[in-house]
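The residues making up each chain are set out below.
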Amino acid sequence: MMISVKNLTYTYPGANKETLHGLNFDIAKGEIFGFLGPSGAGKSTTQNILIGLLKGYGGTIRVMDRGVDEWGQDYFEHVGVSFELPNHYLKLTALENLNFFRSLYSGETLAPLEVLDWVGLKDDAHKKVAEYSKGMKMRLNVARSIIHKPKVLFLDEPTSGLDPMNARKIKDLVLELRRRGTTVFVTTHDMMVADELCDRVAFITAGQINVIDAPSVLKKQYGKRIVEVEYLNGTQDALHQEFPLDGLGDNPAFIDLLKSASRLETIHTQETTLENIFIVVTGQELSV
Ligand code: ADP
Ligand code: MG
């Protein structure tokens, strides 16, 4: 296991209630593991504990076979972090920012221009970051987190505020990093990110994990294998009927309906989305 978390609890100093209530999860080498949950669920808190920023938690956390507390500064030679809110040197260009952060690492690093190209910022490499849009700063944030080829990457809402094209770039980049063997912990409130990226996803609400599984397994488990037929039968308003997808070709009621309906409007399978499953499992909406 690259990351192993047992009974993780956390209370912010001075707060009167606990924020994390005993989280358990393991992340394998080369896995993309997602934390999916609404705002305030405890995603950033968990990431900040995993990277050693927040101390005084309960439970045990091991990363790369060592307790998080046992790691020193060398921890950051091996892990990359992208925070929820970008913090760059605004008076420097993107390239200067990357060159600065690159100089802090003792190991081999990637070529800054190549990394900027990956996140779609090559043409803006010489622009001062002060002139960057929020989305560009987010992408620079991700570029910075991978410059030293970390073994483990922590990404807090990496596509938040990005348009679909730039979100795609970030998602493709993360998938490429997995091909290269990187382990990724990613937090998101975007079910598409969880669905497209994550090998396994944990649903988190109010400091608790409700379920952990592969998105495809969850969809199989919670999806209804049903076909819905919308049709007219000499009527003004459309009528609806549902049939099991299994054995559909031998289902006389379905075949009769196809023959007898005066007009077929639509025929749809009822695939479920991760968002629907989230609501069923947690009783909460994602977009809260
Ligand atoms: P998420 O990243 O899932 O949106 P957070 O981890 O940021 O959630 O927050 C989880 C809970 O902890 C929220 O109720 C939030 O208000 C609280 N919280 C976050 N940061 C602090 C802090 N510095 N001090 C006290 N409470 C905090
Ligand atoms: Mg957050």
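Details of the structure are given in the entry above.
What counts, and at which threshold
- Residues numbered from 1 in each chain as written.
- Chains lettered and ligands numbered in written order.
- Predicted model: local features only at pLDDT ≥ 70, side-chain atom pairs only at ≥ 80, totals over all residues.
- Heavy atoms only, no water.
- Helix = DSSP H or I, 4+ residues; strand = E, 2+ residues; numbered from the N terminus.
- Contact = heavy atoms within 4.5 Å.
- Areas by Shrake-Rupley, 256 points an atom, 1.4 Å probe, with all protein chains shown as cover.
- Near = heavy atom within 4 Å.
- Polar contact = N/O pair within 3.5 Å; in protein donor to acceptor, adjacent residues only side chain to side chain.
- Nonpolar A, V, L, I, M, F, W, Y, C, P; charged D, E, K, R; others polar.
- Phe/Tyr/Trp six-rings, centres within 6.5 Å; stacked < 30°, edge-to-face > 60°.
- Buried < 20%, exposed > 50% of the residue type's maximum accessible area, 1.4 Å probe, protein only.
- Patch = residues over 30% accessible without salt bridge, like charges linked within 9 Å, V, L, I, M, F, W, Y side chains within 5 Å.
- Salt bridge = Lys/Arg side-chain N within 4 Å of Asp/Glu carboxyl O.
- Donors = N, O, S within 2.8 Å, 3.2 Å for Na, K, Ca; no water.
- Lys, Arg positive; Asp, Glu negative; His and termini not counted.
- Pairing = 2+ DSSP bridges.
- Axes fitted to C-alpha atoms, helices over the stretch in contact; angles between N-to-C directions.
- Core = buried A, V, L, I, M, F, W, Y, C linked by side-chain atoms within 4.5 Å.

Undergrad: Help me understand the overall build of the chain in this model?
TA: What the chain contains, in helices and strands, is ten helices and 13 strands. Seen through its C-alpha atoms, the chain measures out along the principal axes to roughly 75 × 45 × 35 Å. Of the contacts formed within the chain by residues at least 6 apart in sequence, a portion of 66% connects residues at least 24 apart. Carbon together with sulfur atoms contributes 50% to the accessible area of the chain, which is approximately 14300 Å² in total.

Undergrad: I keep staring at the site of ligand 1 and nothing clicks. Help me out?
TA: Neighbouring ligand 1 are Y12, T19, P38, S39, G40, A41, G42, K43, S44 and T45. Here an oxygen atom of ligand 1 sits 2.8 Å away from a polar atom, N or O, in the side chain of K43. One of the side-chain nitrogen or oxygen atoms of S44 is found 2.9 Å away from an oxygen atom of ligand 1. Computed on the free molecule, ligand 1 has an accessible area of 560 Å², of which 56% lies beneath the protein chains in the complex. When grouped by side-chain class, the residues that make up the shell around ligand 1 number three nonpolar, six polar and one charged.

Undergrad: Would you mind showing me how to read the packing of aromatic side chains here?
TA: Any pair of aromatic rings gets described here by the distance separating the centres and the angle formed by the planes. Applying the stated criterion across every chain yields a total of 14 aromatic pairs. Between F25 and F33, the ring centres sit 5.3 Å apart and the planes meet at 10°, which makes this aromatic pair stacked. Here the two residues F25 and F33 agree in accessibility, since each one is buried. Pairwise contacts between aromatic rings join F25, F33, F35, F154 and F185 into one cluster.

Undergrad: Just checking my understanding: could you explain a nonpolar patch on the surface for this structure?
TA: On the surface, Y89, F100 and L104 cluster together into a nonpolar patch covering about 290 Å² of accessible area. Its location among the elements puts F100 in helix α3 (residues 94–103). For F100, a relative accessible area of 32% puts it in the partly exposed group.

Undergrad: Quick question: what am I supposed to make of the coordination of the magnesium ion (ligand 2) here?
TA: Think of it this way: four donors in a tetrahedron around the metal ideally sit 109.5 degrees apart, and six in an octahedron ideally sit 90 or 180 degrees apart. Summarising the metal site, the magnesium ion (ligand 2) is bound by the protein donors S44 (OG), E84 (OE) and E84 (OE), whose distances to it range over 2.1 to 2.8 Å. Here the residue S44 occupies a position in helix α1 (residues 43–50), and E84 occupies one in the loop between β6 (79–82) and α3, the gap between them amounting to 40 residues.

Undergrad: In this structure, what is going on with the side chain of R139? I would like to understand it.
TA: Assignment of secondary structure puts R139 in helix α5 (residues 134–146). Buried within the structure, R139 lacks any salt-bridge partner; its nearest side chain of opposite charge belongs to D163, at an N-O separation of 5.8 Å. Within the structure, the side chain of R139 is placed 3.3 Å from the backbone oxygen of G120, a separation counted as a polar contact. Dropping the residues within four chain positions of it, R139 is found in contact with V119, G120, L121, L162, N166 and I170.

Undergrad: Explain unusual backbone geometry here, please?
TA: Most peptide bonds adopt trans geometry, and most residues besides glycine take a negative phi value. In this structure, N7 is a non-glycine residue whose phi angle is positive, near 50°. Inspection of the secondary structure assignment puts N7 in strand β1 (residues 3–10). We note that D65 has phi near 65°; this positive angle belongs to a residue other than glycine. For D65, the location among the structural elements is in the loop between β4 (58–63) and β5 (66–67).

Undergrad: Just checking my understanding: could you explain the pairing of strand β3 (residues 32–36) for this structure?
TA: Each regular strand carries side chains that alternate between the two faces of the sheet. Burial of β3 is extensive: five of the five residues sit out of reach of the surface. The two faces of β3 match: I32, G34 and L36 on one face and F33 and F35 on the other face are all buried. Here β3 pairs with strand β8 (residues 183–188) via five bridges, running parallel. Considered in β8, the bridge of I32 is made with V184. As paired strands, β3 and strand β9 (residues 200–205) are joined by four bridges and run parallel to one another. Residue pairing across strands places F33 opposite R200, the latter belonging to β9.

Undergrad: Could you clarify how one ought to interpret the sheet that holds strand β11 (residues 226–232) in this entry?
TA: Sheet strands pair via backbone hydrogen bonds, and the direction of the pair is either parallel or antiparallel. Pairing is antiparallel in the open sheet, where three strands are placed in the order β12-β11-β13. With one partner strand each, in any of the chains shown, β12 (239–244) and β13 (263–269) form the two edges of the open sheet. Averaged over all neighbouring strand pairs, the angle between strand axes comes to 20°, with direction disregarded. As paired elements, β11 and β13 share six bridges and run antiparallel to each other. Bridge assignment links Y231 to a residue of β13, and that residue is L264.

Undergrad: Which parts of the structure should I look at to understand the nonpolar core?
TA: Most often, soluble globular proteins keep nonpolar side chains buried together rather than apart. Residues I32, L36, L116, L140, F203 and L274 are the most contacted members of the largest nonpolar core, which totals 44 residues. Among the nonpolar cores identified, the runner-up in size contains 30 residues, and A41, L50, V81 and F185 belong to it.

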